[in-house]
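# A structural walkthrough
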Amino acid sequence: MKILVCSDVPSAAHKIASILEEKGYGVKTECDPAAARNGCGGFDAAVLVLSEISVWEQAVRYFSLETSLGLLALLKESAREEGELAFAGLGIPVLPLNAGSKTFLFALEFAAKSNERLRSIRDENVRLKESIDDLKLVDRAKCALIQYLNMTESDAHRFIEKQAMNKRLSKREIALQVLSAYES
């Protein structure tokens, strides 16, 4: 499992990284929010050890909303309330910095497992968006056939399906051919 450790305190990042490396995890530390954001691909989880939450807020928001990283925040007790507010709605568990190693490792395993779930949900979301885009494209092609060839909606639908079967192409590809012929 590969873990990204993000911290604005390099000594804290290295301490957490050494604990994780001892347990057999692949670890990379990052102390710059922009670099962490740009280099977060390929990791299963990110551990956030922050003292200045506001400096990292955009990067953390990006991790939560735009990636499938499993996230876990370790904060000093004095910053915990600020962290809870800053991370509200992002699904990031916040542990005290002095949490025991068993608790920390359990929470990290949980965060990494959530990466698997999030990745499958994101993949399904992409597949569904592509299906919707294909349906929109086929509908546009049907409208072009109705407008330019005076077909009925059911005739246009049948035409696209028949062409797809006869040419052994997808309805999307036939719709693109129709649109290139009539919308250019």
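Presented here is an overview of the structure given in this document.

Definitions and cut-offs
Residues numbered from 1 in each chain as written. Predicted model: local features only at pLDDT ≥ 70, side-chain atom pairs only at ≥ 80, totals over all residues. Heavy atoms only, no water. Helix = DSSP H or I, 4+ residues; strand = E, 2+ residues; numbered from the N terminus. Rg over C-alpha atoms; globule rule 2.2 N^0.38 Å. Contact = heavy atoms within 4.5 Å. Areas by Shrake-Rupley, 256 points an atom, 1.4 Å probe, with all protein chains shown as cover. Buried < 20%, exposed > 50% of the residue type's maximum accessible area, 1.4 Å probe, protein only. Arc of directions from axis to C-beta. Pairing = 2+ DSSP bridges. Axes fitted to C-alpha atoms, helices over the stretch in contact; angles between N-to-C directions. Parallel < 35°, antiparallel > 145°, perpendicular 65-115°, else oblique. Left-handed = near helix turned anticlockwise from the far one by under 90°. Nonpolar A, V, L, I, M, F, W, Y, C, P; charged D, E, K, R; others polar. Salt bridge = Lys/Arg side-chain N within 4 Å of Asp/Glu carboxyl O.

## Things to note about the overall build of the protein chain
Counting secondary structure elements, the protein chain contains seven helices and five strands. Moving toward the C terminus, one meets the helices and strands of the protein chain in the order β-α-β-α-β-α-β-α-β-α-α-α. Scaling as 2.2 N^0.38, a compact globule of 184 residues should have a C-alpha radius of gyration of about 16 Å, whereas the protein chain reaches 25 Å, well beyond that. Counting only C-alpha atoms and orienting by the principal axes, one finds that the protein chain spans roughly 70 × 30 × 25 Å. For the protein chain, the share of sequence-separated contacts (at least 6 apart) that also reach a separation of at least 24 residues comes to 62%. For the protein chain, the accessible area works out to roughly 10900 Å², and carbon and sulfur atoms hold 53% of it.

## Notes on helix H4 (residues 77-86)
Structurally, the α-helix is built with 3.6 residues per turn, so residues lying three or four positions apart point the same way. Within H4, the full set of buried residues consists of Ala79, Gly83 and Ala86. When H4 is viewed along its axis, its buried side chains cluster within an angular range of 60° and face the same direction. For H4, the exposed residues set more than 90 degrees away from the buried face come down to Glu77, Glu81 and Leu85. On its buried side, H4 packs onto helix H3 (53-66) and strand S4 (70-75).

## As for the sheet that holds S4
Each strand in a sheet pairs with another by means of backbone hydrogen bonds, the pair being arranged parallel or else antiparallel. Taken together, five strands build an open sheet; the order of strands is S2-S1-S3-S4-S5 and the sheet is parallel. For this open sheet the edge positions go to strand S2 (26-30) and strand S5 (94-96), each flanked by a neighbour on one side alone. Going from strand to strand, the sheet's axes swing by 25° on average, the running direction of each strand aside. As paired strands, strand S3 (residues 45-49) and S4 are joined by five bridges and run parallel to one another. Opposite Leu48, over in S4, you have Ala73 as the bridge partner.

## Focus: the packing of helix H5 (residues 101-149) against helix H6 (residues 153-167)
Direction vectors running N to C along H5 and H6 enclose 120°, while the axes themselves pass 9 Å from each other. Between H5 and H6, the interaxial angle falls into the category oblique. Crossing geometry of H5 relative to H6 is assigned as right-handed. Each of Val138, Ala141, Lys142, Leu145 and Ile146 in H5 lies in contact with H6, whose residues at this interface are Glu153, Ala156, His157, Phe159 and Ile160. Taken together, the residues that form the contact of H5 with H6 break down as seven nonpolar, one polar and two charged.

## Things to note about the environment of Val60
Looking at where Val60 falls in the secondary structure, it is placed in helix H3. For Val60, a relative accessible area of 0% gives the class buried. The residues contacting Val60, other than those within four sequence positions of it, are Leu48, Leu50, Leu71, Phe87, Leu90 and Ile92.

## Details of unusual backbone geometry
Residues other than glycine seldom take positive phi values, yet Asn150 does so here, at roughly 55°. You can see Asn150 is positioned in the loop between H5 and H6. Even without a glycine there, the phi angle at Arg168 is positive, about 55°.

## Structural notes on the pattern of salt bridges
With the rule as written, the count across this model stands at nine salt bridges. Its salt-bridge partner being Lys142, residue Asp139 comes within 3.5 Å of it at the nearest N-O pair. Separated by three residues within a single helix, Asp139 and Lys142 lie in helix H5, roughly one turn from each other. Using a relative accessible area of 40% as the deciding quantity, one classes Asp139 as partly exposed. Two residues, Glu183 and Arg140, come together in a salt bridge whose shortest N-O distance is 2.7 Å. Highlighted residues: Glu183 in the segment after helix H7 (171-182) and Arg140 in helix H5, separated in sequence by 43 residues. Accessibility expressed as a relative area gives 43% for Arg140, which makes it partly exposed. Taken together, the salt bridges that share partners define one network made up of Asp139, Lys142 and Glu153.

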